[in-house]
Amino acid sequence: MAGKTSERLWFEHGLLPSGWASGVEITISDGTIEEISTGVMPPSGGVRGRTVLPGLPNLHSHAFQRAMSGLTEVRGNSQDSFWSWRSLLYQFASRIRPEDIHAITAMAYAEMLEAGFTRVCEFHYLHNAPDGGRYDDPAEMAGQVIRAADDAGMGLTLLPVFYAHAGFGGQPLAEEQKRFGNDAGSFARLLEAVGQHTANQTDFVLGIAPHSLRAVTPDELGELILLDKGGPIHIHIAEQVKEVQDCLAWSGARPVDWLLHNAPVDGRWCLVHATHTDDRELHRIAKSGAVAGLCPVTEANLGDGIFDARAYISYGGHYGVGTDSNVSISASDELRMLEYSQRFKTLSRNVMAGEGYASTGRALFEGALAGGGRAAGIPVGLAPGNPADLVALSEADLPEAAIGGDRLLDAWVFRGKSNVVSDVWRRGRHTVKGGQHIHRAGIEARYRAVLEALIS
């Protein structure tokens with residue numbers, strides 16, 4: 001039996017669950033944090049750094065959409081919207097082969113690590129062949145995502161998506177949606193097949209994702225919940241005004257209201273977007289313990305609208321952030337856009353700080369850390385027993401790193417500088433050095449080749 005692998009890292013400043021500390025020594029053993037000591041003098045050798053933060057979970061991603069970045073910013077003859085964007089998405093998705101999904105996903109995950117994310121919740125719905133036929137392995141496409149996460153060194157919470165209908169009331173799938181489709185039986189086989197791809201995954205988490213209320217019937221939603229093994233449950237909800245209107249026409253209730261009345265929503269659930277919710281719904285989400293999965297950059301890119309985060313956090317609601325369409329992959333961009341969207345909405349400043357926080361940057365970071373961990377089904381933070389997911393910030397690109405403290409987080413979030421993350425350890429593996437993923441050259445070369453073929 002092999003012995004334990006152990007390493008000690010030292011930082012001038014570190015953000016611990018109890019707050020900022022100086023002279024932080026972190027002992028890592030077999031991918032987890034074994035011990036944290038503070039007030040330690042710097043070692044004569046070994047790894048030393050300025051400021052260390054816990055890695056953030058990215059609670060909502062469609063990795064394959066990374067390859068669409070910049071391809072949908074052209075307006076046609078009619079008003080552009082989420083629904084016209086979705087038509088372009090379908091066209092693009094129809095071309096992607098299994099080997100393509102691996103190359104695109106690895107690139108997205110390498111960039112996430114470079115941005116300070118160490119775990120991703122992958123909302124994966126590209127299951128079938130382009131004509132809608134089944135692969136021999138039901139988890140062929142999911143397996144490519146799993147392999148890409150392993151190659152990039154990214155922590156993965158995989159959320160296979162159940163997508164059976166084109167609209168409320170069980171409407172049949174459109175031709176271009178058949179790549180996504182499953183029934184209850186084939187979805188159960190998909191979940192079982194995923195297990196064959198994860199035998200060597202140390203801290204892989206499997207959840208489920210009913211795509212949206214328009215894509216599942218009430219009976220199917222009940223069956224899906226029975227398939228869950230205690231993992232996270234994520235669902236798109238109330239992202240668009242039309243979605244709310246269609247749900248009202250179908251059921252007489254708004255989407256969030258219907259879900260909370262008809263499903264056992266609790267702390268395992270992540271309600272992705274939840275953009276168009278009224279005050280009563282916000283209060284009930286918070287009371288349920290579910291996480292609001294906010295994707296501010298994508299929501300802005302698609303013209304979705306603005307979630308009422310100020311009211312939600314006043315009710316004690318949990319939230320996290322995700323990169324969703326991956327049009328931009330940046331933890332600081334998502335946090336900054338979340339705060340700025342609330343400033344637009346409320347005509348005030350430092351909205352997300354709430355009471356008891358002097359620093360908006362720290363409030364955003366710690367809120368997204370806690371909520372993201374709940375949504376991903378993992379423990380988070382720099383504490384013994386947790387995964388050794390560490391993010392160090394660069395003094396060269398962010399001089400405040402030499403000072404540490406809340407001023408550093410405010411500068412990282414609100415100055416909008418790139419290349420601020422200098423190093424990342426994911427389960428103790430040093431995946432980002434000097435601001436760049438250790439395998440970026442090879443990952444990027446494969447991605448470029450696939451992108452060129454897809455676009456041409």
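For the structure itself, look to the data block above.
Reading the values: the criteria
- Residues numbered from 1 in each chain as written.
- Predicted model: local features only at pLDDT ≥ 70, side-chain atom pairs only at ≥ 80, totals over all residues.
- Heavy atoms only, no water.
- Axes fitted to C-alpha atoms, helices over the stretch in contact; angles between N-to-C directions.
- Helix = DSSP H or I, 4+ residues; strand = E, 2+ residues; numbered from the N terminus.
- Left-handed = near helix turned anticlockwise from the far one by under 90°.
- Contact = heavy atoms within 4.5 Å.
- Nonpolar A, V, L, I, M, F, W, Y, C, P; charged D, E, K, R; others polar.
- Pairing = 2+ DSSP bridges.
- Salt bridge = Lys/Arg side-chain N within 4 Å of Asp/Glu carboxyl O.
- Buried < 20%, exposed > 50% of the residue type's maximum accessible area, 1.4 Å probe, protein only.
- Arc of directions from axis to C-beta.
- Polar contact = N/O pair within 3.5 Å; in protein donor to acceptor, adjacent residues only side chain to side chain.
- Patch = residues over 30% accessible without salt bridge, like charges linked within 9 Å, V, L, I, M, F, W, Y side chains within 5 Å.
- Areas by Shrake-Rupley, 256 points an atom, 1.4 Å probe, with all protein chains shown as cover.

**Some words on the packing of helix α7 (residues 255-262) against helix α8 (residues 279-288)**
So, point 1. Packing of α7 against α8 brings their axes to within 9 Å, and their N-to-C directions diverge by 40°. The chirality of how α7 crosses α8 is left-handed. Between α7 and α8, the contacting residues are Pro 255, Val 256, Asp 257, Leu 260 and His 261 on the first element and Arg 280, Glu 281, Arg 284, Ile 285 and Ser 288 on the second.
So, point 2. Partitioned by chemical class, the residues of the contact of α7 with α8 number four nonpolar, two polar and four charged.

**Description of the sheet that holds strand β2 (residues 19-29)**
Hydrogen bonding along the main chain pairs the strands of a sheet, whether they run parallel or antiparallel.
So, point 1. Spatially, the eight strands line up as an open sheet ordered β3-β2-β1-β4-β14-β15-β16-β17, and their pairing is mixed. Pairing within the sheet leaves two strands with one partner each, and these edge strands are β3 (32-37) and β17 (436-437).
So, point 2. Bridge analysis of strand β4 (residues 47-54) against strand β14 (residues 390-393) gives four bridges, and the strand direction is antiparallel. Bridging from a neighbouring strand, Thr 51 pairs with Leu 393 of β14.
So, point 3. Lying over the sheet, helix α2 (residues 98-115) contacts β15 (421-426), β16 (429-433) and β17, oriented at roughly 115° with respect to β15.

**Some remarks on the environment of Val 380**
So, point 1. In this fold, Val 380 is placed in the loop between α12 (360-376) and β14.
So, point 2. Spatially, the C-alpha atom of Val 380 lies 19 Å from that of Ala 149, the residues being 231 residues apart in sequence.
So, point 3. Excluding anything up to four places from it in sequence, Val 380 contacts Pro 57, Leu 369, Ala 370, Gly 373 and Asn 386.

**What to know about the pattern of salt bridges**
So, point 1. Counted by the stated rule, this structure contains 28 salt bridges.
So, point 2. Ionic pairing is found between Asp 100 and Arg 97, a salt bridge with its closest N-O pair at 2.9 Å.
So, point 3. Overall, Arg 97 belongs to the partly exposed group, its relative accessible area being 41%.
So, point 4. Close ionic contact of Arg 362 with Asp 406 constitutes a salt bridge, the shortest N to O distance being 3.4 Å. With Arg 362 in helix α12 and Asp 406 in helix α13 (residues 406-415), the pair connects residues that are 44 residues apart, well separated along the chain.

**Quick word on helix α4 (residues 184-196)**
So, point 1. All of the buried residues along α4 are Ser 186, Phe 187, Leu 190, Leu 191, Ala 193 and Val 194. Buried positions in α4, seen along its axis, are confined to an arc of 165° and lie on one side of it. Exposed residues pointing more than 90 degrees away from the buried face of α4 are listed as Glu 192 and Gln 196.
So, point 2. The inward-facing, buried residues of α4 contact α3 (140-152), β7 (155-162), β8 (205-206) and α5 (218-227).
So, point 3. With a side-chain oxygen lying 3.1 Å from the backbone nitrogen of Gly 185, the N-terminal cap of α4 falls on Asp 183.

**Quick notes on α5**
So, point 1. Of all the residues in α5, the buried ones are Glu 220, Leu 221, Leu 224 and Ile 225. For α5, the arc enclosing every buried residue in end-on projection is 140°, short of the 170-degree limit, so these residues lie on one face. For α5, the exposed residues lying more than 90 degrees away from the buried face are Asp 219 and Leu 226.

**Comments concerning unusual backbone geometry**
For residues other than glycine, phi is negative in most cases, and the peptide bonds are mostly trans.
So, point 1. For Asp 30, which is not a glycine, the phi torsion comes out positive at approximately 50°.
So, point 2. With respect to the element layout, Asp 30 can be found in the loop between β2 and β3.
So, point 3. In this structure, Asn 350 takes a positive phi of about 50° despite not being glycine.
So, point 4. Tracing the backbone through its elements, the reader meets Asn 350 in the loop between α11 (331-346) and α12.
So, point 5. Overall, Asn 350 belongs to the partly exposed group, its relative accessible area being 37%.

**Describing a nonpolar patch on the surface**
So, point 1. Among the surface-exposed residues, Ile 306, Tyr 340 and Phe 344 lie close enough to one another that they form a single nonpolar patch of about 310 Å² accessible area.
So, point 2. Following the sequence through the fold, Tyr 340 ends up in helix α11.

Everything listed here is a matter of geometry and, on its own, says nothing about what the molecule does.
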